[in-house]
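Listed here are the chains, written in short residue letters.
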There are 2 protein chains.
Amino acid sequence: MGENLTIWTYDWVPEGPRGFVRDLRLRWGAEEAGLSYDVDTVPFEDRPRSHLDRQPFGQVPFLTDGEITIFESGACLLHLARKSDILMPSNASGEAETLQWVVAALNSIEMVTVPWWFLRLSGDRENGLSGWLDSRLAHVEAILSEREWLVEDRFTAADLIMADVLRVPEIRARGDRPATEAYIQRLVARTAFKKAQADQLAHFAAADESRVRR
Amino acid sequence: MGENLTIWTYDWVPEGPRGFVRDLRLRWGAEEAGLSYDVDTVPFEDRPRSHLDRQPFGQVPFLTDGEITIFESGACLLHLARKSDILMPSNASGEAETLQWVVAALNSIEMVTVPWWFLRLSGDRENGLSGWLDSRLAHVEAILSEREWLVEDRFTAADLIMADVLRVPEIRARGDRPATEAYIQRLVARTAFKKAQADQLAHFAAADESRVRR
């Protein structure tokens, strides 16, 4: 289709984050939209130094699209969404709604889930963010009780990123939220998600094998 | 200029957040771009219920643009940015860079600053997020030591939102970061910021007076 897209991720990561490394958001988006892409890597081991010119926080993913390099998974996904009506409606109101829900996932939900999870990993299982987290998750449950998709009654990039934020097991296990759980299950059952996740797992498994051979 | 923009904020807020309520990001953006706009309000007192149809987390701001309603300050700002080259270059690479830095401000910096500040307000002055915060602020300092603006050597919406995230007094007081401090000072010295902030302060001061008269 004439694209020249490369999704950049780590050459290897430990078991823990596999299936959740955020290159998955871009693989998933590209698969949904039928955009062809390559995957290339930066070293995990010295990530603080190796690619700071392209991602100033030493993280992945970033995306190259011809001459353009762009980081932040949310920004990369919005960049891809501009290429395909499958990810974002091309009418003005559908575009505004997709934008609002992508930013809500990043700045109203993930802003609480990730720091909560970070504190929990540090040993603080119930922590000072738990009340805020539960309140935000209750809002999400109320929203998802009334609709199947966030924008225009059909899948968009907004659902992709919201589901990816919500599907973290520790978040998913938090409280009985049937509409949210059904939403996550609906999203991760999509062919494009399953391919993106399988490809990511295979990518890191191959890296294990090449380490053994070394 | 034919716009029909309305920025929605609260009718009143306590002293504490004045000058920082996020409608300022939209006022600032509209002032920079020379877009005309009205300001309208929703009640602060019963915010959990009063406008959930338009902002499902009970927050402000949201923006109406003719038939379109959009919430999340970052999304509203990107929506405004599409209307003016002053906020976002209209070439593909300038647009991608603006998008990446707006999302970085929201999802890599504010994702740490706001939860850190929330824990601090709850009484936990040094908390489990302090190390992560300092590391992110050090990255920002390194970036701002090498450039005056985030995108294309000139002001964009990316600087607007990054400066707004960084100018919180408790964050600003954290460590000696001269490039970041100079950046913030450069941004808040802009005519459009000063007008936006003065207008917000006047809006809430007028609400105080009307409360006294009641």
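Every value quoted in this text rests on a predicted model; they were computed, and no experiment measured them.

Undergrad: Quick question: what am I supposed to make of the overall build of chain A here?
TA: Looking only at helices and strands, chain A features 9 helices and 4 strands. For chain A, the N- to C-terminal ordering of α and β elements is β-α-β-α-β-β-α-α-α-α-α-α-α. Against the 2.2 N^0.38 benchmark of 17 Å for 214 residues, chain A shows a C-alpha radius of gyration of 17 Å, consistent with a compact globule. Oriented by its inertia axes, the alpha-carbon framework of chain A measures out at about 50 × 45 × 30 Å. Looking at the 214 residues of chain A, the share that counts as buried comes to 44%. Put simply, of all contacts in chain A between residues at least 6 apart along the chain, 70% involve residues at least 24 apart.

Undergrad: Please clarify how helix H8 (residues 178-188) of chain B should be interpreted in this entry.
TA: Since the α-helix advances by 3.6 residues per turn, residues separated by three or four positions end up pointing in the same direction. Residue and element names in this part refer to chain B. Every buried residue of H8 is accounted for by Thr180, Tyr183, Ile184 and Leu187. In a view along the axis of H8, the buried residues occupy a sector of 95 degrees, so they form one face of it. Exposed and facing more than 90 degrees away from the buried side of H8 are Pro178 and Gln185. Of the surrounding secondary structure, the elements contacted by the buried residues of H8 are helix H5 (130-145), helix H6 (157-166), helix H7 (169-172) and helix H9 (191-213).

Undergrad: In this structure, what is going on with the interface of chain B and chain A? I would like to understand it.
TA: One widely used convention gives an interface's size as the accessible area the parts lose upon coming together. Taken residue by residue, the interface counts 36 residues in chain B and 36 residues in chain A. The greatest single-element share of the side of chain B that touches chain A, amounting to 17 residues, is contributed by helix H4 (residues 92-121) of chain B. Taken together, the residues of the side of chain B that touches chain A sort by class into 22 nonpolar, 10 polar and 4 charged.

Undergrad: Where do I start with the confidence of the model for chain A in this structure?
TA: Interpretation of this model should avoid reading the predicted coordinates in detail wherever pLDDT is low. When pLDDT is averaged along chain A, the result is 93; 95% of the residues meet or exceed 70. Predicted complex metrics record ipTM = 0.95 and pTM = 0.96.

Undergrad: Teacher, can you tell me more about the domain arrangement of chain A here?
TA: Residue and element names in this part refer to chain A. For chain A, the assigned domains read domain 1 (5-85 + 192-213) and domain 2 (92-190). Put simply, the middle of domain 1 and the middle of domain 2, counted by C-alpha atoms, are 21 Å apart. In this assembly, 10 residues from domain 1 lie in contact with 10 residues from domain 2. Residue assignment for the side of domain 1 that touches domain 2 shows that the elements contributing at least two residues are helix H1 (23-33), helix H3 (73-81) and helix H9 (191-213). It is H3 that contributes the most residues to the side of domain 1 that touches domain 2, 4 residues altogether.

Undergrad: Just checking my understanding: could you explain the relation of the copies chain B and chain A for this structure?
TA: One copy of the chain maps onto the other through a rotation about an axis plus a displacement along that axis. In screw terms, the move from chain B to chain A is a rotation of 180 degrees and a rise of 0.0 Å along the axis, fitting with an RMSD of 0.0 Å. Both copies of the chain, as the preceding transformation shows, are related through a two-fold rotation axis. When C-alpha distances to the rotation axis are compared across chain B, the minimum falls at B:Met111, with a value of 2.3 Å. The overlap is high: 100% of the interface residues of chain B also sit at the interface in chain A, so the same surface is used on both sides.

Undergrad: Just checking my understanding: could you explain the sheet that holds strand S3 (residues 62-65) of chain A for this structure?
TA: Strand pairing in a sheet takes place through backbone hydrogen bonds and is either antiparallel or parallel in direction. All names here are of chain A. Pairing in this open sheet of 4 strands is mixed, and the strands run S2-S1-S3-S4 from one edge to the other. For this open sheet the edge positions go to strand S2 (37-42) and strand S4 (68-71), each flanked by a neighbour on one side alone. For this sheet the average axis-to-axis angle between neighbouring strands, irrespective of direction, equals 25 degrees. Across the face of the sheet, H1 comes into contact with strand S1 (5-10), S2 and S3 while running at roughly 155 degrees to S1.

Undergrad: So what exactly am I meant to see when it comes to the pairing of strand S4 (residues 68-71) of chain B here?
TA: Remember that side chains alternate between the two faces of the sheet whenever the strand is regular. Two strands pair when backbone bridges link them, and strand S3 (residues 62-65) of chain B and S4(B) are joined in this way by 4 bridges, in the antiparallel orientation. Bridge pairing in S4(B) links B:Leu63 to B:Ile70.

Undergrad: Looking at this model, I keep getting lost on the environment of B:Arg211. Mind explaining?
TA: Residues and elements named next belong to chain B. Turning to its location among the elements, Arg211 is positioned in helix H9. According to the C-beta neighbour criterion, Arg211 is exposed, with 10 such atoms within 10 Å. Considered as a pair, Arg211 and Glu45 are 166 residues apart in the sequence and their alpha carbons are 13 Å apart.

Undergrad: Which parts of the structure should I look at to understand the packing of H3(A) against H4(B)?
TA: Interaxial distance between H3(A) and H4(B) falls to 8 Å at its minimum, and their mutual angle equals 145 degrees. Seen along the crossing, H3(A) lies across H4(B) with a hand that is right-handed. Here A:Gly74, A:Ala75, A:Leu78 and A:His79 of H3(A) lie close against H4(B), whose contacting residues are B:Ala96, B:Leu99, B:Gln100, B:Val103 and B:Asn107. Tallied by class, the residues present in the contact of H3(A) with H4(B) amount to 5 nonpolar, 4 polar and no charged.

Undergrad: Honestly, the environment of B:Glu31 in this entry has me stumped. Any pointers?
TA: Residue placement: B:Glu31 occurs in helix H1 (residues 23-33). With 18 C-beta atoms packed within 10 Å, B:Glu31 lands in the partly exposed category.

Undergrad: I tried to follow the sheet that holds S3(B) on my own but got confused; where do I start?
TA: Residues and elements named next belong to chain B. Reading across the sheet, the 4 strands line up as S2-S1-S3-S4 and stay open at both edges, with mixed pairing between neighbours. Since the sheet does not close on itself, it has two edges, and those belong to strand S2 (37-42) and S4, each with one partner. Neighbouring strand axes in the sheet, compared pairwise and without regard to direction, differ in orientation by 25 degrees on average.

Undergrad: Please explain H9(B) as it appears in this structure.
TA: All names here are of chain B. Compared with an ideal rise of 1.5 Å per residue, which puts 23 residues at 33 Å, H9 spans 33 Å between its outermost C-alpha atoms and is within 8% of the ideal. Taken as a whole, H9 has its buried residues at Phe193, Ala196, Gln200, His203 and Phe204. Here the buried face of H9 lies against H1, S2 and H8.

Cut-offs used in this document
Residues numbered from 1 in each chain as written. Chains lettered and ligands numbered in written order. Predicted model: local features only at pLDDT ≥ 70, side-chain atom pairs only at ≥ 80, totals over all residues. Helix = DSSP H or I, 4+ residues; strand = E, 2+ residues; numbered from the N terminus. Rg over C-alpha atoms; globule rule 2.2 N^0.38 Å. Buried ≥ 20, exposed ≤ 12 C-beta atoms within 10 Å, placed from the backbone. Contact = placed C-beta atoms within 7 Å. Arc of directions from axis to C-beta. Nonpolar A, V, L, I, M, F, W, Y, C, P; charged D, E, K, R; others polar. pLDDT = per-residue confidence, 0-100. Domains from an automatic or database assignment. Least-squares fit on C-alpha atoms with pLDDT ≥ 70 in both. Pairing = 2+ DSSP bridges. Axes fitted to C-alpha atoms, helices over the stretch in contact; angles between N-to-C directions. Left-handed = near helix turned anticlockwise from the far one by under 90°. Expected span 1.5 Å × (residues − 1).

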